[in-house]
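Each chain, written out:
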Amino acid sequence: MKQVYLDNSSTTKVLDEAAKAVFDVMTENYGNPSSLHKKGIESEKLMRQARGIIASALDVNSKEIYFTSGGTESNNLAIKGAAYSLRRKGNHLITSTIEHPSVLEVFRALEKEGFKVTYLRVDKDGFVDIEELKEALTPETVLVSIMYVNNEVGSIQPIKDAAKAIKDQNKDTLFHVDAVQAFGKIHLIQGLKDIDLLSLSGHKIYAPKGIGALFVRDGVRILPILHGGGQETGIRSGTENLPGIVGLGVAAETCFKNISEWQSKMSELKKRLMDGILKEIPDAVLNGPALGAPHILNFSFPGTRGEILLHALEAKGIYVSTGSACSSHKGGKSHVLAALGKSHDEQDSALRFSLSPYILPEDIDYTVRVLGIEVAELRKFVRR
Amino acid sequence: MESLYLISFGEIALKGANRPFFERILMQGIKKALTPFDENVKLQKTHGRIYCFTKAPREKVMDSLKKVFGIVYISPAKSCGLNMEEINNTALEVMKSQKYTGKTFKVETRRPNKSFPIKSPEVSRQVGAHLLMNLDNLKVDVHHPQIRIDVEIREKAFLYSERVPGPGGLPLGCNGKAMLLLSGGIDSPVAAYMLMKRGVEIEPIYFHSFPFTSDRAKEKVIDLCRILAMYSGQTRLHVVNFTEVLKQIGENAPNEFLTIMMRRMMVRIAQQVAERVGAKALVTGESLGQVASQTLEALSATNEVATMPIFRPLIGFDKIEIIDIARRIGTYDISIEPYADCCTVFVPQHPKTRPDLSGVHEAESGLDVGELKEQGLKDIEIINVYPHI
């Protein structure tokens, strides 16, 4: 049976060259980068190379890159690390209502510890409003965290304007950006201007799971959340995950070499999928902006249930997700679609399609065809 | 090292001429439960008790035997060499493992090994004296002792006192076989437990409606069977592909009758499978009034299509009582995993709670029942489920 994997924002297949690099590190360059002997030095060299690749992809300095276990840890480290470090300067924090749980839940935890948090609303397409951000900023505000690309609906936030608004108000207010769904997929702001902290993850860009990184601008002080042997200049203790780090480096290199080509390729695929759905499936509702990130497309099919539709597609070899994979396990509704003001029926019947450059136009056509059949079949039972 | 466990069985000792039959089944059950840990389990039977010799680790033995229906008590025995010094010291250990202070006790000796020179009453006397000499605050009462220390003189000496409760009931399989309508919920595994406790072997059937229910729901049902198999041993799960039947019902029956139509089709299909595998009854987890399909009228409507009895051991249980048992037998945590067992799409908005039979017949007239039954019967997957050890 044809297999069409349209769940690339949940996780991706590892690139062959990244997998090979990981294997080689595990079986040959297995030294601990902190060891004093030759094996250690070899490993340290590999780590430095990978750090350099990530830094140049972000257009920042190597020493501003800290490796972590992934997006969740990067977000936790950035937000908690900054909030604790700046506690004496103020206890007000700002974020948006459509952040990933690894951001939102950290803010909820900080609220319990006495921080005040403002949650910025979004419009019907999933964008935060810069004016609202400006109004929310106070002299007490020490940290703002806004995601680059929303993982469920693909809206690209006005990060440049947000950064300017924050720094215009107070240069010392830190700005964290969760770029897990943006890194390697779209061109980021040059030099990450006015961004102090930025999270990224390996497994969304064809590197293995369990590796990520945090950019911390030179001069910005955050407190570690893991204490130990003092690796990563004390910001993130624990023996470095060298296989993951090298895999991340290789995958990032490939992504950035091809970024423009892949971006336009995925944009075309996305347009083909969107046009196909709008043409073939009556009453399909687009969630989020028509443009937006090239790899994320979210539709509701009122009169069906997202989860049943997902299983029906699965039976035909097509893999998608409802909302995001993280929220689909809770059996609950998507907080993102709710924030966009979607109706219950729209929230219940939403599917997220997330693309990779390896998908073919005929895969998209097959998906649209199957989707048309399955939606019609389901509507016979659900809509009464 | 080989240890001895004394197994008492209560109820089956009462069953006159059938007793050897019950005992044989119980012994098979014990053997089956312990074989994974020790292939050379030895069993010996006396009046109302079974001697079980095994090298299996004690906690495995106790865990397994606590799941063998028909066992009332298990007494793990300590063993020692055949001389009075060792017997006395072992008796002291056994007594110390009890809360003995201020209690009365008695020593009871049996001596199947007549090559041991000291006679039973004399052994008891010596052991009793040793205990009295070494422990304070202990009194003898040969008529109504609070603690009884048993000494068995065999090729070694075995001593025991503790009585760990078993599950009770009747040995599994002594009352034939029934087919369980298993969903992923809390109730049906408990219903299975209740019937197994009365000696009925259970063969589960599950109605899978992919994509309306996910494959995770099916995995959950398999997990539940693995727990049930800890009581019954390897079991066969029948997974009916119910999707087509469900769709036909959804399209052709009035919405408020959906659940009843579905239940009736399930019973028809289950009954046919039951006949094939030699099961004599159906078992469900229904409890009166719990949901719309479990009113007296709805249950009668389901019963109407069955010719074999449908057992509903939970009929008079409150949810909280059912949950208690589910927790005890280990199915609760699996049952509450959030994968819907029966998709909400096919739950009517306003279900008929008091359907009269003529209404049910009328609702069913739009369906080709025989054809639907065949549809369900032709696509059944049989999964062998092994105990979760």
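None of the values given here were measured: they were computed from a predicted structure.

### Some points on the domain arrangement of chain A
Residue and element names in this part refer to chain A.
Okay, so step 1: When the domains of chain A are assigned, the result is domain 1 (4-12 + 259-382) and domain 2 (16-257).
Okay, so step 2: Placing the centre of domain 1 and that of domain 2 at their C-alpha centroids yields a distance of 28 Å.
Okay, so step 3: For the domain 1 and domain 2 pair, buried surface summed over both sides reaches about 2700 Å², with 57% attributable to carbon and sulfur atoms.
Okay, so step 4: Taken together, the links from domain 1 to domain 2 amount to zero salt bridges.
Okay, so step 5: Counting the contacts that link domain 1 with domain 2 gives 15 residue pairs in polar contact (both at pLDDT 80 or more).
Okay, so step 6: For the side of domain 1 that touches domain 2, the element with the most residues is helix H8 (residues 259-280), which contributes five residues.
Okay, so step 7: Of the residues contributing to the side of domain 1 that touches domain 2, the split by class is 13 nonpolar, 18 polar and one charged.

### So, the side chain of Ser155 of chain A
Okay, so step 1: Checked against the element boundaries, Ser155 of chain A lands in the loop between strand S5 (141-147) and helix H6 (159-169).
Okay, so step 2: Leaving out residues up to four positions away in the same chain, Ser155 of chain A has contacts with Ile98, Asp125, Gly126, Phe127, Tyr148, Val149, Asn150 and Pro289 of chain A.

### Section: the sheet that holds strand S6 (residues 174-178) of chain A
Residue and element names in this part refer to chain A.
Okay, so step 1: Read from one edge of the open sheet, seven strands run S2-S8-S7-S6-S5-S3-S4, paired in mixed fashion. Of all the strands in the sheet, just strand S2 (65-68) and strand S4 (116-120) have a single pairing partner and so form its edges. Here the strands of the sheet are splayed against their neighbours by 20° on average, with no regard to which way each runs.
Okay, so step 2: The pairing of strand S7 (residues 197-201) with strand S8 (residues 212-216) spans five bridges and is classified as antiparallel. Bridged to Leu200 within S8 is Ala213.
Okay, so step 3: In the packing of helix H2 (residues 38-58) onto the sheet, the strands contacted are S2, S7 and S8, and the crossing angle to S2 comes to about 115°.
Okay, so step 4: Strand contacts of H6: S5 and S6, with the helix running at about 165° to S6, the strand carrying the most contacts.

### Brief notes about H6 of chain A
Since one α-helical turn is 3.6 residues long, residues separated by three or four positions face the same way.
Okay, so step 1: Turning to H6 of chain A, its buried residues number three or more, namely Ile159, Ala162, Ala163, Ala165, Ile166 and Lys167 of chain A.
Okay, so step 2: Buried residues along H6 of chain A sit against helix H5 (130-136), S5 and S6 of chain A.

### Some details on the pairing of S5 of chain A
Residue and element names in this part refer to chain A.
Okay, so step 1: Summarising burial for S5: seven of the seven residues are buried, a large majority.
Okay, so step 2: Where strand S3 (residues 92-96) meets S5, four bridges bridge the pair, whose relative direction is parallel. Looking across to S5, one finds that His92 is bridged to Thr141.
Okay, so step 3: Pairing of S5 with S6 involves five bridges; the strand directions are parallel. From the neighbouring strand, Leu143 faces S6, where its bridge partner is Leu174.
Okay, so step 4: Traced from S5 through H6 to S6, the parallel crossover comes out right-handed.

### A look at the state of the cysteines
Residues and elements named next belong to chain B.
Okay, so step 1: The final tally for this structure, using the stated rule, is zero disulfides over all chains.
Okay, so step 2: In this model Cys80 remains outside any disulfide bridge; the closest cysteine sulfur is found in Cys52, 19 Å from its own.
Okay, so step 3: Owing to a relative accessible area of 8%, Cys80 belongs among the buried residues under this scheme.
Okay, so step 4: The cysteine Cys174 is free of any disulfide, with Cys52 supplying the nearest cysteine sulfur at 20 Å.

### Examining a nonpolar patch on the surface
Okay, so step 1: Among the surface-exposed residues, Leu132, Val140 and Val142 of chain B lie close enough to one another that they form a single nonpolar patch of about 240 Å² accessible area.
Okay, so step 2: Within the secondary structure, Leu132 of chain B is located in helix H4 (residues 120-134).

### With respect to the sheet that holds strand S12 (residues 350-354) of chain A
All names here are of chain A.
Okay, so step 1: The three strands are arranged S9-S10-S12 in an open sheet whose pairing can be described as antiparallel. If you trace the sheet from one side to the other, it starts and ends with strand S9 (285-287) and S12, each paired once. On average, each strand axis in the sheet is inclined to that of its neighbour by 30°, with strand direction left out of account.

### A short note on the pattern of salt bridges
All names here are of chain B.
Okay, so step 1: One pass over the full model with this rule turns up 40 salt bridges over all chains.
Okay, so step 2: Taking the shortest distance from any N to any O, the salt bridge between Asp150 and Arg148 comes out at 2.7 Å.
Okay, so step 3: A relative accessible area of 4% places Asp150 in the buried class.
Okay, so step 4: Judged by its relative accessible area of 38%, Arg148 falls in the partly exposed class.
Okay, so step 5: Between Glu286 and Arg312 there is a salt bridge whose closest N-O contact spans 2.6 Å. In this pair, Glu286 is assigned in the loop between strand S13 (282-283) and helix H9 (296-303) and Arg312 in the loop between strand S14 (310-311) and helix H10 (319-329), connecting sequence segments 26 residues apart. The exposure classification of Glu286 matches that of Arg312, with both residues buried.
Okay, so step 6: A single salt-bridge network, built from bridges that share partners, covers Arg49, Arg110, Arg148, Asp150, Glu152 and Arg154.

Procedures and definitions
- Residues numbered from 1 in each chain as written.
- Chains lettered and ligands numbered in written order.
- Predicted model: local features only at pLDDT ≥ 70, side-chain atom pairs only at ≥ 80, totals over all residues.
- Heavy atoms only, no water.
- Domains from an automatic or database assignment.
- Buried area = accessible area lost by both parts, 1.4 Å probe.
- Salt bridge = Lys/Arg side-chain N within 4 Å of Asp/Glu carboxyl O.
- Polar contact = N/O pair within 3.5 Å; in protein donor to acceptor, adjacent residues only side chain to side chain.
- Helix = DSSP H or I, 4+ residues; strand = E, 2+ residues; numbered from the N terminus.
- Nonpolar A, V, L, I, M, F, W, Y, C, P; charged D, E, K, R; others polar.
- Contact = heavy atoms within 4.5 Å.
- Pairing = 2+ DSSP bridges.
- Axes fitted to C-alpha atoms, helices over the stretch in contact; angles between N-to-C directions.
- Buried < 20%, exposed > 50% of the residue type's maximum accessible area, 1.4 Å probe, protein only.
- Right-handed = clockwise from strand over helix to strand, strands pointing away.
- Disulfide = S-S within 2.5 Å.
- Patch = residues over 30% accessible without salt bridge, like charges linked within 9 Å, V, L, I, M, F, W, Y side chains within 5 Å.
- Areas by Shrake-Rupley, 256 points an atom, 1.4 Å probe, with all protein chains shown as cover.

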